[in-house]
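# Remarks on the overall topology
Each chain, letter by letter, is given below.
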Amino acid sequence: MPAACDSSLDDIEDMVSANDPKPNDRLSARQNIVPRARKRNQNEEQPPSDSTIPGTQKIWIRTWGCSHNNSDGEYMAGQLAAYGYSITESPEQADLWLLNSCTVKSPAEDHFRNSIKKAQDDDKKIVLAGCVPQAQPRQEYMKGLSIIGVQQIDRVVEVVEETIKGHSVRLLGQKKDNGKRLGGARLDLPKIRKNPLIEIISINTGCLNACTYCKTKHARGELASYSIEELVDRAVQSFQEGVCEIWLTSEDTGAYGKDIGTDLPTLLWKLVEVIPEGAMLRLGMTNPPYILEHLEEMAKILNHPRVYAFLHIPVQSASDSVLMDMKREYCIADFKRVVDFLKERVPGITIATDIICGFPGETDEDFKETLKLVKEYRFPSLFINQFYPRPGTPAAKMVQVPALVASEEAKELFKILSVHKGDLNQPALSMNFQWSTLISETVSKLPTYPNRV
């Protein structure tokens, strides 16, 4: 299951400066860390050939989406391996497929649905996980299949066992303590890491926002933070197991602690204390409203020699009217204040951001404001998304911008990227252009549709 150290995740948060030392460069000699499988009595009588004994099967795990989802997949793989199941990279050889889904975009859900159909055609046992079944478990294509909720991944062995036996199990409940929603599964569970030198730690689940386009909150819910003690213990355990990078992730790392009376800088200073020499800490995505509260402290932390000078701050649009329709809870002046402050106080910082093309109600003037922002700031990491109306979200009921107009917007943004292509002073630029050039070649083949409606 552990992949090579140069494997990547499907998320913008994976981008760091090209000049930063990579885990392979610093600790390439370390051994892969995998949970110890349960030993079986070699002398026990073998079961009949037609019997089904849980714990003896091969399982293939497929994960889509963000680093939080990837961390959940690693936890599930670790628990299954510790119980005795074989985690295989071959879907053909697997007895059961564990499909860990993402609900952010329609294409990701389409891949998830197609994989279910493929598993059924190949007569594989199936367990569904991730945000899609958590948010909409009554979808017809999931009928009769086992589901494990995003807060129930510590019970994956039970669900797989029952599925192997031919039963359908659904665990979708919320974990609570005295009526208060908890962050999710325990952090001390065994893990099989996709990259054995990188530990992805989810510091909280859910968020405080109510963005009109977001389906993820339907699955992850309101903000629920892990305690500082739990997170520090997990980091220490990971370093003891040979990890040399900690990646902090969540739906919004900046909102950490607001539900438990603490904040992100307090957590980060505690984590910095336990980072050993040669190891690094990297922050995940934070929305502008919450980072605004801690600019001074965040600048100090990002200047720490064991913390990457990297932050992912999605802007989505440079139009205040579009941001209002998105319910992003900030204006473009807030975003600029954050970026300007960090660029001034943190030399060489890499700021990553996101743009949504073709949000409902967006006008040509709105998009020109976004183009102006991208030209002005020359973001070294820019992730461009075409808007997808997700079922059940307010944005899906708004007047839609034609998909080909959104594609045309993406093409315009890629043109700007191509102008910046030769600027090697932008550290993450060369990493982005291999990806963006590939997409722009596809987008460039689309016809031009200048009229928005």
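Residues numbered from 1 in each chain as written. Predicted model: local features only at pLDDT ≥ 70, side-chain atom pairs only at ≥ 80, totals over all residues. Heavy atoms only, no water.

An unreviewed UniProt entry lists the protein chain under the name tRNA-t(6)A37 methylthiotransferase, with Pelobates cultripes given as the organism. According to UniProt, the comment filed for the protein chain under the heading Catalytic activity (unreviewed entry) is "N(6)-L-threonylcarbamoyladenosine(37) in tRNA + (sulfur carrier)-SH + AH2 + 2 S-adenosyl-L-methionine = 2-methylsulfanyl-N(6)-L-threonylcarbamoyladenosine(37) in tRNA + (sulfur carrier)-H + 5'-deoxyadenosine + L-methionine + A + S-adenosyl-L-homocysteine + 2 H(+)". UniProt lists a comment for the protein chain under the heading Sequence similarities (unreviewed entry), and it reads "Belongs to the methylthiotransferase family. CDKAL1 subfamily." (UniProt positions renumbered as here; feature names shortened; annotations may be inferred.)

Let us now look at the overall build of the protein chain. For the protein chain, the helix and strand inventory stands at 15 helices and 16 strands. Among the 453 residues that make up the protein chain, the fraction classed as buried is 56%. Within the protein chain, counting contacts between residues at least 6 apart in sequence, those at least 24 apart form 78% of the total. Just so you have it, the protein chain exposes about 20,000 Å², and 50% of that area is on carbon and sulfur atoms. (Helix = DSSP H or I, 4+ residues; strand = E, 2+ residues; numbered from the N terminus. Buried < 20%, exposed > 50% of the residue type's maximum accessible area, 1.4 Å probe, protein only. Contact = heavy atoms within 4.5 Å. Areas by Shrake-Rupley, 256 points an atom, 1.4 Å probe, with all protein chains shown as cover.)

Within the secondary structure, Val374 is located in helix H13 (residues 364-377). A relative accessible area of 2% places Val374 in the buried class. Taking the C-alpha atoms as reference, Val374 lies 7.8 Å from Ile416; in sequence the two are 42 residues apart.

So, about the sheet that holds strand E16 (residues 381-386). Spatially, the 3 strands line up as an open sheet ordered E14-E15-E16, and their pairing is parallel. Of all the strands in the sheet, the pair left with one neighbour each is strand E14 (310-312) and E16. Averaged over all pairs of adjacent strands, the angle between their axes in this sheet comes to 15°, without regard to strand direction. One ladder, built from 3 bridges, connects E14 with strand E15 (residues 350-357); its direction is parallel. Across the sheet, residue His312 finds its bridge partner in E15, namely Ala352. (Pairing = 2+ DSSP bridges. Axes fitted to C-alpha atoms, helices over the stretch in contact; angles between N-to-C directions.)

The periodicity of an α-helix, 3.6 residues per turn, causes residues three or four positions apart to be oriented the same way. Those residues of helix H8 (residues 264-274) that fall on the buried side of the exposure criterion are Leu264, Pro265, Leu267, Leu268, Leu271 and Val272. Buried residues along H8 cover an arc of 155° about the axis, so they all sit on one side. (Arc of directions from axis to C-beta.)

If you walk through the whole model with that rule in mind, you get 8 aromatic pairs. Summarising the aromatic geometry, the rings of Tyr213 and Phe359 are spaced 6.2 Å apart at their centres and angled 80° between planes, so their arrangement reads as edge-to-face. Of this pair, Tyr213 sits in the loop between strand E10 (204-205) and helix H6 (216-220) while Phe359 sits in the loop between E15 and H13, and the two are 146 residues apart along the sequence. For the pair Tyr213 and Phe359, one class covers both residues: buried. (Phe/Tyr/Trp six-rings, centres within 6.5 Å; stacked < 30°, edge-to-face > 60°.)

Take helix H7 (residues 228-240) next. Compared with the 18 Å implied by 1.5 Å per residue over 13 residues, the 18 Å span of H7 between its first and last C-alpha is a close match. When H7 is considered as a whole, its buried residues turn out to be Ile228, Leu231, Val232, Arg234, Ala235, Ser238 and Phe239. Down the axis of H7, the buried set is contained in an arc of 160°. They therefore lie on one face. In H7, those exposed residues whose orientation departs by more than 90 degrees from the buried face are Glu229, Asp233 and Gln240. (Expected span 1.5 Å × (residues − 1).)

A few words now on the environment of Ile147. You can see Ile147 is positioned in strand E5 (residues 146-148). Take Ile147: its relative accessible area is 0%, and that puts it in the buried class. Spatially, the C-alpha atoms of Ile147 and Ile126 are 8.8 Å apart, while their sequence positions differ by 21 residues. Setting aside residues no more than four positions away along its own chain, Ile147 makes contact with Leu128, Pro133, Pro137, Met142, Val169, Arg170, Leu171 and Leu172.

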